[in-house]
Structure formats: structure tokens, C-alpha cells
Amino acid sequence: MTSSTSPGLARFNTSADSDALAALHEVCASSAWGSKLLAQRPYATADDLLRAGDAATAELTAEDLAEAMAGHPPIGRPKPGDPTSAREQSGMAGASEDLKAEMLELNLAYQERFGHVFLICATGRTGEQMRDAARERIGNTPEQERETVRTELGRINRIRLTRLVERLEEESA
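How each quantity is defined
Residues numbered from 1 in each chain as written. Predicted model: local features only at pLDDT ≥ 70, side-chain atom pairs only at ≥ 80, totals over all residues. Heavy atoms only, no water. Axes fitted to C-alpha atoms, helices over the stretch in contact; angles between N-to-C directions. Helix = DSSP H or I, 4+ residues; strand = E, 2+ residues; numbered from the N terminus. Parallel < 35°, antiparallel > 145°, perpendicular 65-115°, else oblique. Left-handed = near helix turned anticlockwise from the far one by under 90°. Contact = heavy atoms within 4.5 Å. Salt bridge = Lys/Arg side-chain N within 4 Å of Asp/Glu carboxyl O. Buried < 20%, exposed > 50% of the residue type's maximum accessible area, 1.4 Å probe, protein only. 1 Å grid on protein atoms, 1.4 Å probe; cavity = no way out; pocket = protein on both sides within 12 Å on 5 of 7 lines; lining within 4 Å. Points joined across faces, edges and corners; volume = space filled by probe spheres on them. Nonpolar A, V, L, I, M, F, W, Y, C, P; charged D, E, K, R; others polar.

**Focus: the packing of helix 4 (residues 46-58) against helix 10 (residues 142-172)**
Viewed as axis vectors pointing N to C, helix 4 and helix 10 meet at an angle of 150°, and their least axial separation amounts to 10 Å. In terms of their interaxial angle, helix 4 and helix 10 are classed as roughly antiparallel. As for the relative orientation of helix 4 and helix 10, their crossing is right-handed in sense. Contact with helix 4, carried on its side by Leu49, Leu50, Arg51, Gly53, Asp54, Thr57 and Ala58, involves Arg150, Leu153, Gly154, Asn157, Arg158, Leu161, Thr162 and Val165 of helix 10 and no other residues of that element.

**As for the pattern of salt bridges**
According to the stated counting rule, one finds 15 salt bridges in the structure shown. The salt bridge involving Arg158 is made with Asp54; its shortest N-O contact spans 2.8 Å. Of this pair, Arg158 sits in helix 10 while Asp54 sits in helix 4, and the two are 104 residues apart along the sequence. Of the residues examined, Arg158 reaches a relative accessible area of 33% and is grouped as partly exposed.

**As for empty space enclosed by the protein**
In this structure the tally under the stated criterion is one cavity of 30 Å³ or more. Size it by volume and the largest cavity reaches roughly 100 Å³. Lining the largest cavity are 14 residues, with His72, Ile75, Glu88, Gln89 and Ile120 positioned closest to its centre. Those elements that place two or more of their residues in the lining of the largest cavity are helix 6 (83-88) and helix 10. When the residues that make up the lining of the largest cavity are grouped by side-chain class, the tally is eight nonpolar, four polar and two charged.

Written out as C-alpha cells, the structure is:
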């Protein structure tokens, strides 16, 4: 991200509240997270936007985290027609059928243990790395896992906020 106000960030800052909130909801499904970022506009720099996103993620309640996680499909099963989840989970696209089957089993076991989808910042990770993380994390306590999920959500939100500003930059060109 740049340290000065880019055309994409300027467009985000000046867009109608409803449009900005809809864009933020695509980044993170937590309404509390989106409302916090919306309330702090305008942002002087993209880094300021990222820091605000980090702070809002850190402040999410257990209910807010659950709402945010509900917006994420299971690893290995991106939402049909959703280029964002397909891109983020591309490490599973070329995975063997055995790996995909194992990931499905791990997703189900994880969801049964913790009551929510296995959330990981999948961008840049291979299917094997995601499987290994699921295997490791299924042994976490619920408290440990909630904080791990918060960290992973923060990483995802940063990537998506960066892409949002870049997309608005392209659209304003």
C-alpha cells in the first residue's frame, strides 16, 4: 500500500455510505467491523485504512467473529461464482483427490469441535500447508483457536482491503 492518498482510497473515502459498507462487507462479513471502518472515514493513507482494519479485528467480540467466519466457505470448497474465494483458495485447486477428501474430513472434524468453519489465510498456501495447519489447529483449545482465527481473519482482511483499494484505483482510471 502507498503512504499517500491514492485515487482508489479517495474514491472509497467519498463513496456513499451504503456503497462503502457493501464493499467493506465483501472484505469482512462482520457488520461491527464494517461499521467501525466506515465511521472512521476519510482515511489519509491506505496504511491508515489497514491499521483501522487491524484495530477493528482486534476488537471483535465472539459473536462478531462468528458473523465474520460465516462469510467464509470451507477450504477446498470456494463459493461457486465467487472469484475472491476461488483466488484465495487456489492452493487447493490442483490438489489430489486424496488431499481434497482429507481436507473435507478435517473441515468437518474442525467444525464439529469448534462450531465454525476452519478459517485460514489461504492466499499463497498450498493444499498441503492448509491441511497441515488444520491438523495442528484441531488440537487447540477453543480459546487458543479463537485467537488464531482472529489472527487469520486479520490477515485475510488486510489482503482484501488492499485489493479493494487497488480495484477502486483501476475503476477510477
